[in-house]
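# Structure at a glance
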Amino acid sequence: MEKSIKKYFPVFVLPTLVAFTLFFLIPFLLGIYLSFCNFTTITDAKFIGISNYLKIFQDATFFHALWYTALFTVVSVITINVFAFAVALLLTKGIRGTNLFRTVFFMPNLIGGIVLGYIWQLIINGILLHFDKTLTYSSSYGFWGLVILMNWQQIGYMMIIYIAGIQSIPGELLEAARMDGATNGQILKNVTLPMVMPSITICTFLTMTNSFKLFDQNLALTAGNPSNKSELLALNIFNTFYGRTGWEGVGQAKAVIFFLLVALIALVQLNITRRKEVQQ
Amino acid sequence: MKKGRKAKHAKLLTAVLSIISVIWIMPILIVLQNSFKKKTSISREPFQLASTIGSEGQNAFNRLLFTSRKSFVGLENYVNGIQKTGFFKAFADSLFITVFSVFLIILCTSMCGWYLSRVKNKITKTIYYFCVFSMIIPFQMVMFTLSKMADILHLGNPIGIIFVYLGFGAGLAVFMFCGFVKGIPLEIEEAAMIDGCNPLQTFFGVVLPILKPTCITVAILQTMWIWNDYLLPYLVLNIKKYKTIPIAIQYLKGGYGSIDMGAMMAMLVLAVIPIIVFYIACQKYIIEGVVAGAVKG
């Protein structure tokens, strides 16, 4: 059978492969090459070695953005997962209205980042109005604004995954624990949590990469104001590219570092939590 | 005795969750009611309801609930916003791009995923690993080179961008199809082949119907991504001629210095309505798709 399928390579694989090569592979490899070049368009690229990377070290905004992004990622991963898990626990108790609650909590997830950013800009500015401040008064307002926004958007999504995880725990297991006289807290700690470890792996992975790569929400909510102090990494890279002429090479070098960081986080995180999963 | 307490407990929980649910949709309701208000009232009193006479000098309850001056403007903000952004054109462009990109991604990557799982050699393995690898690449890494590439190939229009989405969205989709094809027993396909089907007939007649749930999962995930995507179309499309909805909304800010809050509120409402309609219509598939997608991804 394999042989007869094999001849059909041009029909089955080629369309995807061509598009993938043109719009992912070549841009990716070219991107790495350009990070070592001075350029304004692709055709006038001149190889200049690692000086783009050296220039990053003189750019304080990059390190501020890196620190800001790291902090934002930690805070939002913890809050989103704790709240999502708590809501999932409540919604698996079989109380009245479970379906409606699930529907409502998930809904914000479908709204796009730009729209979300402007919705929350209105609300947070409205609250800060009573204190005669605005969102762009200080970067910590932008920070907590983004945390609230991300929580609103992502809790529903993660909740759905946790609910699926909790529901797949065999009933006998909980029954047995209860027979042995375990309290609710003990069941949660010793049965439920270890059994939903795969869901925790997925959810922390998703929230972490989502937060680290956040762009649209950041652009719409504060656009990096005041003076680039509420810029996350992705927005910092974008502004370096398109906001400062002559800095395209540095922007591309930042993007390469950004990519390496994302890859590193993904690998480390998957390795750590996979080890904690219960063997089944 | 214990049972009674438990029932009480459940009722209390329902009540608490109901309150949280109301708070949860509040942001959207606040935007909705602001979309009928005058610009100045939106920025000064965003939480007060639109009023036709103004609550100044009335009792405290009215002052808390309604704006102090006359603020109700009817559909003025909508008319204004639609004119400024060309909303209906943007909606049509968004719809066109999303529908055809998702269709093309499903068609091409399901075929590709099946082939990669059934034919095992170095080439197919390499392609598979590249697809997995591509999933973690942040868009900023390729944004400049990708947009230049699309520019050289003259793809800055709604038809061209479909192929860009196929290329950039292929990684996740191929990965998911590969995962699900592995679970299909080989015997079914062999039987079809022995009965004289060629691979194309086998795929469309036998494999694709089995893959239908996966197709829905992939379609949901890709739709959520493409419909809301801002940066890729912003960089690839010729935005003087074509705008998607997120671009049109961001344009309200970019093009006019300070934001016209009235038009902004109206556009936010118009942007959220199709999403809610889509959600209510396909809720079951969306939630199942998210679970299936997360387990595989």
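Structure shown above.
Criteria and thresholds
Residues numbered from 1 in each chain as written. Chains lettered and ligands numbered in written order. Predicted model: local features only at pLDDT ≥ 70, side-chain atom pairs only at ≥ 80, totals over all residues. Heavy atoms only, no water. Helix = DSSP H or I, 4+ residues; strand = E, 2+ residues; numbered from the N terminus. Rg over C-alpha atoms; globule rule 2.2 N^0.38 Å. Areas by Shrake-Rupley, 256 points an atom, 1.4 Å probe, with all protein chains shown as cover. Lys, Arg positive; Asp, Glu negative; His and termini not counted. Charge placed at Lys NZ, Arg CZ, Asp CG, Glu CD. Core = buried A, V, L, I, M, F, W, Y, C linked by side-chain atoms within 4.5 Å. Buried < 20%, exposed > 50% of the residue type's maximum accessible area, 1.4 Å probe, protein only. Contact = heavy atoms within 4.5 Å. Expected span 1.5 Å × (residues − 1). Arc of directions from axis to C-beta. Polar contact = N/O pair within 3.5 Å; in protein donor to acceptor, adjacent residues only side chain to side chain.

## Points about the overall build of chain B
Looking only at helices and strands, chain B features 14 helices and zero strands. Each helix and strand of chain B, ordered N terminal to C terminal, gives the series α-α-α-α-α-α-α-α-α-α-α-α-α-α. Here the C-alpha radius of gyration of chain B, 25 Å, is well above what a compact globule of 297 residues would show, namely 19 Å. In terms of overall dimensions, chain B has a C-alpha envelope of 85 × 70 × 30 Å along the principal axes. For chain B, the exposed area adds up to about 14200 Å²; of that, 69% sits on carbon and sulfur atoms. Put simply, chain B has 28 plus and 12 minus side-chain charges, and the middle of one group is 11 Å from the middle of the other.

## Notes on unusual backbone geometry
All names here are of chain A. The residue after Asn225, namely Pro226, is reached through a cis peptide bond having omega 0°. As for its position among the elements, Pro226 is in the loop between α12 (216–221) and α13 (233–243). Unusually for a residue other than glycine, Ala223 sits at a positive phi of about 55°. One can find Ala223 in the loop between α12 and α13.

## What about the nonpolar core?
A general trend in soluble globular proteins is that nonpolar side chains are found buried together. Ranked by internal contacts, the top residues of the largest apolar core, which has 178 residues, are A:Ile111, A:Met159, B:Phe139, B:Val164, B:Leu232, B:Ile249 and B:Leu268. Of the residues forming this core, the biggest block, 17 residues, is contributed by helix α14 (residues 261–296) of chain B. Those residues in contact with A:Ile111, other than ones at most four positions away along the chain, are A:Leu116, A:Trp152, A:Gln153, B:Ile28, B:Asn228, B:Val272 and B:Ile275.

## A look at helix α6 (residues 122–134) of chain B
Taking 1.5 Å as the rise per residue, α6(B) with 13 residues should run 18 Å; its terminal C-alpha atoms sit 18 Å apart, in good agreement. Of the positions making up α6(B), those classed as buried are B:Thr124, B:Ile127, B:Tyr128, B:Cys131 and B:Ser134. Around the axis of α6(B), the buried residues are gathered within 125° of arc, so they sit on the same side. Of the residues in α6(B), the exposed ones pointing more than 90 degrees away from the buried face are B:Lys122, B:Lys125 and B:Tyr129. Its buried side turned inward, α6(B) meets α2 (9–12) and α3 (14–34) of chain A together with α5 (87–118) and α8 (160–181) of chain B. Structurally, the start of α6(B) carries an N-cap: the backbone nitrogen of B:Ile123 is 3.1 Å from a side-chain oxygen of B:Asn121.

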